[in-house]
Amino acid sequence: MRRLHWYIARHYLGSSRRGLLSLITWIALGGVTVGVTALIVVIAVMTGMQKDLRAKILESTPHVIVLELSSSLRVLDWRAVVDSIDKVDGVVGAAPFALSDVSILHQDQTGRYEQPATLYGVLIDTTLIAPTEMERKIIDGSLDLTPPASGLPPLLVGSLLADRMQLFKGDTVVLMSLENLKSDPLVGLTPTLRQFQVTGTFTTGMYDYDLKNLYTTLDAAGELIGLAPGAASGIGVRTRDPERAPEVASELSDRLGYPYSVQSWVAINRALFSALKLEKLAMFVILFLIVVVAAFNIEHARHGGLGPHAGDRDPQGDGDDPTRNSERVRPPGRLDRHHGDRDRGRGRALHHLAPGPLRAHQDPARRLLRGPPAGVAAGDRRAVHHRWEHR
């Protein structure tokens, strides 16, 4: 079977005039090869980039986030909510978190620098399963968030933010929050300011996360943004399969009901992944068209006048006329006695190759003599040269 495949390939790609493959066939094959290779490489790169981006997002983002729709946007009793969440099928664990937009201020001998940032408060409790890889590293001790000897709250800073502000372990910074405003009769509303001590840095590989994210304990963050005891900004949920997070979020929404809002990481990052999916589809369509064009070139090389049998075609549309064709295509051989060059070589080949019954076949343009001419013996070699005679 494999020999048959190779025979068909050589038959359709071969060129009797220019060797095994014609120049146009080589060009078309090269186009198909390059197009298919580019298509595979681009799809693989886009798929790998999408998986890598998803892994980096899930390192700092819970699979499902539960918020409470209230005037304060706080989950007032997070322990009761966590107990209800743990009963849902597909949930591995859940834990509360604090979240707030803050400003970080650092002053040294060269001056003062301010930078907006996002503060996360993490509950360090080994009895609960961490909803993100970042919180797991903090609980395991891979990232240091233990209270320093100075008594100040600990703070983990993103690597890019630490490089920009020239922050090192042991430095003191000030965080300012507008969520916990204080009323002063003299100056009016004032933001809350707290000092924190840098205990380490982290790197996620995401530019926005490494430039803006800060981590501290849940109690320290709650004190800064004014959380009541037992309250949290939200609850992070870890699922068994991140791809099933939307289904788990739908089940949690039905179970918790109002006033809770449940969102999966897919819904939160829908715009980003939709853009990546659209870009992947566009690259696939473009490269697929390249492959199609190259395939049409091969077909044109075969049937458009550049193939291996281009010289045997009849440009005047008289391919059914055996007389015209026999005059244009003359295989090598000696001249016939009666009519010159009427395909002597082809007739001799057919005579030797065809079986006995077929040798008596009557061709429309020629007829096979039943026997040798008069005066020629049956075994004489001259009988072979006089077998074909025109009507």
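Residues numbered from 1 in each chain as written. Predicted model: local features only at pLDDT ≥ 70, side-chain atom pairs only at ≥ 80, totals over all residues. Heavy atoms only, no water.

## Description of the confidence of the model for the chain
- Scored by pLDDT, the chain comes out at a mean of 76, with 71% of its residues at no less than 70.
- Segment residues 305-370: pLDDT under 50, and 82 contacts once partners within four positions in sequence are set aside and those in other chains are kept. (pLDDT = per-residue confidence, 0-100. Contact = heavy atoms within 4.5 Å.)

## Here's the deal with the environment of Leu 214
- Take Leu 214: it is sitting in strand β9 (residues 213-217).
- When the C-alpha atoms of Leu 214 and Gly 121 are compared, they prove to be 8.6 Å apart, with 93 residues separating the residues in sequence.
- With near-sequence residues (within four places) excluded, Leu 214 lies in contact with Val 102, Ile 104, Ala 117, Thr 118, Leu 119, Tyr 120, Leu 155, Leu 156, Val 157, Leu 161 and Leu 175. (Helix = DSSP H or I, 4+ residues; strand = E, 2+ residues; numbered from the N terminus.)

## A look at helix α3 (residues 78-85)
- When α3 is considered as a whole, its buried residues turn out to be Trp 78, Val 81, Val 82, Ser 84 and Ile 85. One face of α3 carries all of its buried residues, which in axial projection span an arc of 160°.
- Lining the buried residues of α3 we find β3 (64-68), β4 (91-108), β10 (234-239), α8 (245-256) and β11 (260-264). (Buried < 20%, exposed > 50% of the residue type's maximum accessible area, 1.4 Å probe, protein only. Arc of directions from axis to C-beta.)

## Digging into the nonpolar core
- Residues Ile 85, Ile 104, Leu 175, Leu 214 and Ile 235 are the most contacted members of the largest nonpolar core, which totals 50 residues.
- Dropping the residues within four chain positions of it, Ile 85 is found in contact with Val 66, Val 91, Ala 94, Ile 235, Val 237, Leu 252 and Leu 256.
- Met 134, Leu 145, Leu 156 and Phe 202 belong to the second-largest nonpolar core, a separate cluster that totals 8 residues. (Core = buried A, V, L, I, M, F, W, Y, C linked by side-chain atoms within 4.5 Å.)

## Quick look at the environment of Asp 171
- By the element assignment, Asp 171 lies in the loop between α5 (159-165) and β7 (172-184).
- You can call Asp 171 partly exposed: its relative accessible area is 22%.
- Each C-alpha atom, one on Asp 171 and one on His 106, is 8.8 Å from the other, the two residues being 65 residues apart in sequence.
- The contacts of Asp 171, once residues within four sequence positions are left out, are His 106, Gln 166, Phe 196, Gln 197 and Val 198.
- In terms of polar contacts, Asp 171 uses its side chain to reach the backbone amide nitrogen of Phe 168, at 2.8 Å. (Polar contact = N/O pair within 3.5 Å; in protein donor to acceptor, adjacent residues only side chain to side chain.)

## Some points on helix α7 (residues 218-225)
- When you tally the buried positions in α7, you get 6 out of 8 residues, the bulk of the element.
- Buried within α7 we find Leu 218, Ala 220, Ala 221, Gly 222, Leu 224 and Ile 225.
- Residues of α7 that are buried make contact with β4, β5 (111-122), β7, β8 (188-202) and β9.
- Backbone geometry just downstream of α7 places Gly 226 in the positive-phi region, at approximately 85°.

## Regarding the side chain of Gln 197
- Tracing the chain through its elements places Gln 197 in strand β8.
- Judged by its relative accessible area of 14%, Gln 197 is buried.

## What to know about the environment of Arg 74
- Along the chain, the position of Arg 74 falls in the loop between β3 and α3.
- Between the alpha carbons of Arg 74 and Ala 228 there is a distance of 9.1 Å; along the sequence they are 154 residues apart.
- Residues within four places of Arg 74 in sequence aside, it is in contact with Glu 68, Glu 179, Ile 225, Leu 227 and Ala 232.
- From its side chain, Arg 74 meets the backbone oxygen of Ile 225 in a polar contact 3.5 Å long.

## Some remarks on the pattern of salt bridges
- As enumerated under the stated definition, the model contains 11 salt bridges in all.
- A salt bridge links Lys 56 to Asp 52; the shortest N-O distance between them is 3.3 Å. Placement of both Lys 56 and Asp 52 in helix α2 (residues 23-60) is noted, with a separation of 4 residues, approximately one turn of the helix.
- Its relative accessible area of 23% is what places Lys 56 among the partly exposed residues.
- In this structure, Glu 247 engages Arg 244 in a salt bridge whose closest nitrogen and oxygen atoms are separated by 3.1 Å.
- What makes Glu 247 partly exposed here is its relative accessible area of 43%.
- Since its relative accessible area comes to 34%, Arg 244 is described here as partly exposed. (Salt bridge = Lys/Arg side-chain N within 4 Å of Asp/Glu carboxyl O.)

## Notes on the packing of aromatic side chains
- Summed over the entire model, instances satisfying the criterion amount to 2 aromatic pairs.
- Aromatic side chains Tyr 120 and Tyr 215 sit 5.3 Å apart centroid to centroid with 20° between the ring planes, which places their arrangement in the stacked category. Pair noted here: Tyr 120 is in strand β5 and Tyr 215 is in strand β9, with a separation of 95 residues, a long-range link.
- For the pair Phe 202 and Tyr 215, a centre-to-centre distance of 5.3 Å together with 80° between the ring planes defines the contact as edge-to-face. With Phe 202 in strand β8 and Tyr 215 in strand β9, this residue pair connects regions lying 13 residues apart in the sequence. Each member of the pair, Phe 202 together with Tyr 215, is buried. (Phe/Tyr/Trp six-rings, centres within 6.5 Å; stacked < 30°, edge-to-face > 60°.)

## Some thoughts on a nonpolar patch on the surface
- A cluster of nonpolar side chains, Leu 278, Leu 281, Phe 284, Val 285, Phe 288 and Leu 289, forms an exposed patch at the surface whose accessible area comes to about 580 Å².
- For Leu 281, the location among the structural elements is in helix α10 (residues 270-303). (Patch = residues over 30% accessible without salt bridge, like charges linked within 9 Å, V, L, I, M, F, W, Y side chains within 5 Å. Areas by Shrake-Rupley, 256 points an atom, 1.4 Å probe, with all protein chains shown as cover.)

## Things to note about the packing of α3 against α8
- For the pair α3 and α8, the least separation of the axes is 11 Å and the interaxial angle reads 125°. Here α3 is positioned oblique relative to α8, judged by the angle of their axes. The two elements α3 and α8 meet at a crossing, and its hand is right-handed. For the pair formed by α3 and α8, the contact residues are Val 81, Ser 84 and Ile 85 on the first element and Leu 252, Arg 255 and Leu 256 on the second.
- Its residues assigned to classes, the contact of α3 with α8 shows 4 nonpolar, 1 polar and 1 charged. (Axes fitted to C-alpha atoms, helices over the stretch in contact; angles between N-to-C directions. Parallel < 35°, antiparallel > 145°, perpendicular 65-115°, else oblique. Left-handed = near helix turned anticlockwise from the far one by under 90°. Nonpolar A, V, L, I, M, F, W, Y, C, P; charged D, E, K, R; others polar.)

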